[in-house]
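Listed below are the residues making up each chain.
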Amino acid sequence: MMRLPRFRYFAPRTVREAVRIKTDAGPQSAYVAGGTDLYPNMKRRQQTPQVVVGLSRIPALARIRSGSDGVSIGSAVPLSAVEGHRRLRRDYPGLVHAVEEISTPPLRNMGTLGGNLLLDTRCNYYDQNFEWRQAIQFCLKKDGNVCWVAPGSPKCLAVQSADSVPVLIALGAHALLVSPEGERDIAVEDLYRNDGIAYLTKQPEELLKEIRLPKPDGWRASYRKLRRRGAFDFPVLSVGAAVRGEGGLVAECRLVLGGVSSAPVRLSASEDILRGHPLDDESIAAAADAAAGPSRPMDNTDFSFLWRKEMTRKFVAAALEDLASG
Ligand SMILES: Cc1cc2nc3c(=O)[nH]c(=O)nc-3n(C[C@H](O)[C@H](O)[C@H](O)COP(=O)(O)OP(=O)(O)OC[C@H]3O[C@@H](n4cnc5c(N)ncnc54)[C@H](O)[C@@H]3O)c2cc1C
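Remember, predicted model here, so these are calculated numbers, not experimental data.

## Remarks on the sheet that holds strand 11 (residues 249-258)
Then comes step 1: On the basis of which strands lie adjacent, the open sheet formed by four strands has the order 9-10-11-12 and antiparallel pairing. The open sheet is flanked by strand 9 (219-226) and strand 12 (265-266), the only strands paired with a single partner.
Then comes step 2: With two bridges connecting them, strand 11 and strand 12 associate as antiparallel partners. Note that in strand 12 the partner of L257 across the bridge is V265.
Then comes step 3: Sitting on the sheet, helix 12 (residues 305-325) touches strand 9, strand 10 (237-246) and strand 11, and the angle it makes with strand 9 is about 150°.

And the structure:
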């Protein structure tokens, strides 16, 4: 049985108190929301914070608020509450669908939307217990010197694997971060860095307070996910797509891949192909073809990376067909 290491647990009641405790505790500390990512990682000794700052008792993080400019979702809102929220289901069905694809109902009751955005990157050589990793002399992401996926690589290639992220980026969502210096609002797209170790641009003490969705204003989104088991599994390729139509043509669009790199990948060439054209078989096929180039999966997760690259075309086409028929 894998046991948690010893740590001190704090349960602050306000955002300010949480940020202060985390900042004072320094690098050997972590926030925890639902714990469905952090605690398994701690059991495997991938992360060993001595201080853990719980966020589940902070009312300000547990609210979904609707306003004239959109909806803001507190970072500690459970995934199941996102799924069940009437306005989110009506106005952002693509996001709700992506959330429904995350793990299992019990895990979605514990796991939060904020935790999903900040999910650790994944790799076959990293998501193993301590003894397994020790037997291969660990890897670059934790305790080792070599990236076993590509031993010549100077950086870790673990993959971004959070289901909600491609759709949130496609919808133009923003994240509100709080630090001792104050608050800052950044596009969710700018939260990620293409490095399997330092995969976030967020500072360690910054707390993700809320996720802000702009008003739909004609935008519609879809999500497609490749995984081995239909019941539950992390994505090994995913597509978030969003379009805004005008007069039968695509006026604006955003296409985002997950599961193929340490950061989500924006498909700008495919977006350029769609803009100004009807969302028909011809433009969808051209946009899907252009998506294969920027999709560069590595051999570090389920399925062969060449097949995942090939499947990019089909999944981008499927995500766009969902929007064309919806
Ligand atoms: C069996 C299993 C299957 C899973 N399948 C999937 C899947 O299919 N798709 C998927 O996307 N995920 C999956 N997950 C991962 C996880 O359940 C979800 O990503 C969940 O949303 C994580 O949320 P959490 O609140 O539990 O995160 P936590 O474990 O609490 O936190 C995750 C990370 O975010 C940090 N953090 C959390 N909240 C904040 C905050 N407000 N501010 C700053 N830092 C914060 C923590 O320090 C930690 O580093 C799976 C997990 C398990 C155990």
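So much for the structure itself; the text now carries on.
## Quick look at the pairing of strand 6 (residues 174-179)
Then comes step 1: Extensive coverage of strand 6 is indicated by the burial of five of its six residues.
Then comes step 2: Bridging between strand 6 and strand 7 (residues 182-187) involves six bridges; their strand directions are antiparallel. Each bridged residue has a counterpart across the sheet, and for S179 the counterpart in strand 7 is G182.
Then comes step 3: Between strand 6 and strand 7, which pair antiparallel one after the other, the connecting turn spans two residues.

## Focus on the nonpolar core
Then comes step 1: In this structure, I73, L95, L117 and L213 are the most contacted members of the largest nonpolar core, which totals 40 residues.
Then comes step 2: Those elements giving two or more residues to this core turn out to be strand 5 (70-74), helix 3 (79-84), helix 5 (93-100), helix 7 (113-117), helix 9 (164-170), strand 6, strand 8 (207-214) and strand 9.
Then comes step 3: When residues of this core are assigned to their parent elements, the largest contribution, five residues, is made by helix 9.
Then comes step 4: Excluding its chain neighbours within four sequence positions, the residues that come into contact with L95 are I73, S164, V167, L168, L171 and L213.
Then comes step 5: Listed in part, the 26 residues of the second largest apolar core include C253, V265, A319 and L323.

## Quick notes on the site of the ligand
Then comes step 1: Around the ligand, the structure places 31 residues, and the nearest of them are Y31, T36, L38, T112 and D163.
Then comes step 2: Separating an oxygen atom of the ligand from a backbone N or O atom of L38 is a distance of 2.7 Å.
Then comes step 3: With respect to the ligand, the side chain of N116 contributes an N or O atom lying 2.8 Å from an oxygen atom.
Then comes step 4: Protein chains bury 91% of the 980 Å² of accessible surface belonging to the ligand in isolation.
Then comes step 5: Elements with a contribution of two residues or more to the shell around the ligand: strand 2 (29-32), helix 7 and strand 8.
Then comes step 6: Across the shell around the ligand, the residue classes break down as 15 nonpolar, 10 polar and six charged.

Parameters and conventions
- Every chain is numbered on its own, with residues counted from 1 as its sequence reads.
- Confidence filtering applies because this is a predicted model: local features only for residues at pLDDT of at least 70, side-chain atom pairs given and counted only at 80 or more, and all residues used for totals across whole chains, interfaces and linings.
- In computing side-chain values, all of the structure's heavy atoms are included and hydrogens and water are not.
- Strands are treated as partners if at least two bridges between them are detected by DSSP.
- Secondary structure counts use DSSP, requiring at least four H or I residues in a row for a helix and at least two E residues in a row for a strand, with both numbered from the N terminus.
- Contacts are assigned to residue pairs with any non-hydrogen atoms lying within 4.5 Å of each other.
- Only the contacting stretch of a helix is used when fitting its axis, a line to C-alpha atoms as for every element, and angles between N-to-C directions run 0 to 180 degrees.
- Classification of residues uses two cut-offs on accessible area relative to the type maximum, computed with a 1.4 Å probe and protein chains only: under 20% is buried, over 50% is exposed, and between them is partly exposed.
- Grouping buried Ala, Val, Leu, Ile, Met, Phe, Trp, Tyr and Cys residues that are joined through side-chain atoms within 4.5 Å yields what is termed a nonpolar core.
- Near is defined per residue: the residue qualifies when any heavy atom it owns lies within 4 Å of the molecule or strand.
- We call two N or O atoms a polar contact when they sit within 3.5 Å, provided that within protein one can donate a hydrogen and the other can accept it, with sequence-adjacent residues counted only if both atoms are side-chain atoms.
- Accessible surface is estimated by sampling points in the Shrake-Rupley manner with a 1.4 Å probe; for residues, cover comes only from the protein chains shown.
- Amino acids outside the nonpolar list (Ala, Val, Leu, Ile, Met, Phe, Trp, Tyr, Cys, Pro) and the charged list (Asp, Glu, Lys, Arg) are all regarded as polar, and Gly is one of them.

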